[in-house]
Amino acid sequence: MLCCFRAHVQMMNKEITILEDDSDIREICTYFFTNEGFKVNSYATIEDFYAAHTKPNLFLLDVRLPDGNGLDVCRTLKNDQQNKGIPIIMMSAHMDIDVMMERAGAEHFISKPFDLDQLLAKVVALTK
């Protein structure tokens, strides 16, 4: 139990920004990561995402969005001096993993539906 508590305490200073248009997935991820001790910013559109100007420890981006493509957002973040060092996890139910990694330059890809514990392990590893 102490081991889990220490991991939870270490995540309290970590911040995740989620860009996901599906409200169910966005709310579950927000709730889950908040309970794991992360500060979470979540957005349904690219417009709201860019307007917020967040500087998290990790971006979690969907590919298919109502006002654009998460792959383009990923490339934009990776080409931006202030954000290029921030890890990005892409998620999609519709893309091939190899194609996604090549096109976007993200650190990791997770396909939907996904296991929250596996996603958490990847997030923790990328935000150490």
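This text goes with the structure placed above it.
Residues numbered from 1 in each chain as written. Predicted model: local features only at pLDDT ≥ 70, side-chain atom pairs only at ≥ 80, totals over all residues. Heavy atoms only, no water.

1. Here we look at the nonpolar core
So, point 1. Leu19, Phe49, Leu61, Ile88 and Met90 are the most contacted members of the largest nonpolar core, which totals 18 residues.
So, point 2. Those elements that provide at least two residues to this core are α3 (46-52), β3 (58-62), α4 (70-79) and β6 (88-92).
So, point 3. Counting residues per element, this core draws most heavily on α4, which supplies four residues.
So, point 4. In this structure, Ile88 is in contact with Phe59, Leu61, Cys74, Leu77, Lys78, Ala106, Glu107 and His108, ignoring residues within four places of it in sequence.
So, point 5. Within the second largest apolar cluster, 16 residues are counted, among which are Phe33, Phe38, Leu60 and Met91. (Core = buried A, V, L, I, M, F, W, Y, C linked by side-chain atoms within 4.5 Å. Buried < 20%, exposed > 50% of the residue type's maximum accessible area, 1.4 Å probe, protein only. Helix = DSSP H or I, 4+ residues; strand = E, 2+ residues; numbered from the N terminus. Contact = heavy atoms within 4.5 Å.)

2. Some details on helix α6 (residues 116-126)
Turn by turn, an α-helix covers 3.6 residues, leaving residues three or four places apart pointing in a common direction.
So, point 1. Looking only at α6, the buried set comprises Leu119, Leu120 and Val123. Projected down its long axis, α6 shows its buried positions confined to an angular sector of 100 degrees, all on one face. Residues Asp117 and Gln118 are exposed on α6 and point more than 90 degrees away from its buried face.
So, point 2. Where α6 is buried, its residues touch β1 (15-19), α2 (23-35), β3, β6 and β7 (108-111).
So, point 3. Measuring from the side-chain oxygen of the N-cap residue of α6 to the backbone nitrogen of Asp117 gives 2.9 Å; that N-cap residue is Asp115. (Arc of directions from axis to C-beta. Polar contact = N/O pair within 3.5 Å; in protein donor to acceptor, adjacent residues only side chain to side chain.)

3. Looking at the pairing of β6
So, point 1. Among the five residues that make up β6, five are buried, leaving the element largely enclosed by the rest of the structure.
So, point 2. Here β6 shows no split at all, with Ile88, Met90 and Ser92 on one side and Ile89 and Met91 on the other all buried.
So, point 3. Bridge count for β3 against β6 is four bridges, and the pairing is parallel. Following the sheet pairing, Phe59 is matched in β6 by Ile88.
So, point 4. In this sheet, β7 lies alongside β6 in parallel orientation, the contact comprising four bridges. Opposite Ser92, over in β7, you have Ser111 as the bridge partner. (Pairing = 2+ DSSP bridges.)

4. Regarding a negative patch on the surface
So, point 1. Together, Asp21, Asp22, Asp24, Glu27, Glu47, Asp48 and Asp67 give the surface a local cluster of negative charge.
So, point 2. If you trace the backbone, Asp48 turns up in helix α3.
So, point 3. With relative accessibility at 40%, the residue Asp48 sits in the partly exposed group. (Patch = residues over 30% accessible without salt bridge, like charges linked within 9 Å, V, L, I, M, F, W, Y side chains within 5 Å. Areas by Shrake-Rupley, 256 points an atom, 1.4 Å probe, with all protein chains shown as cover. Salt bridge = Lys/Arg side-chain N within 4 Å of Asp/Glu carboxyl O. Lys, Arg positive; Asp, Glu negative; His and termini not counted. Charge placed at Lys NZ, Arg CZ, Asp CG, Glu CD.)

5. Notes on the pairing of β1
Regular strands show a simple pattern: their side chains alternate between the two faces of the sheet.
So, point 1. Of all five residues in β1, five are buried, a share of seventy percent or more.
So, point 2. Neither face of β1 is left uncovered, since the one carrying Glu15, Thr17 and Leu19 and the one carrying Ile16 and Ile18 both have all their residues buried.
So, point 3. Viewed along the sheet, the connection from β1 through α2 into strand β2 (residues 39-43) turns out right-handed.
So, point 4. Strand direction decides the pairing type here: β1 and β3, joined by four bridges, are parallel. Opposite Leu19, over in β3, you have Leu61 as the bridge partner. (Right-handed = clockwise from strand over helix to strand, strands pointing away.)

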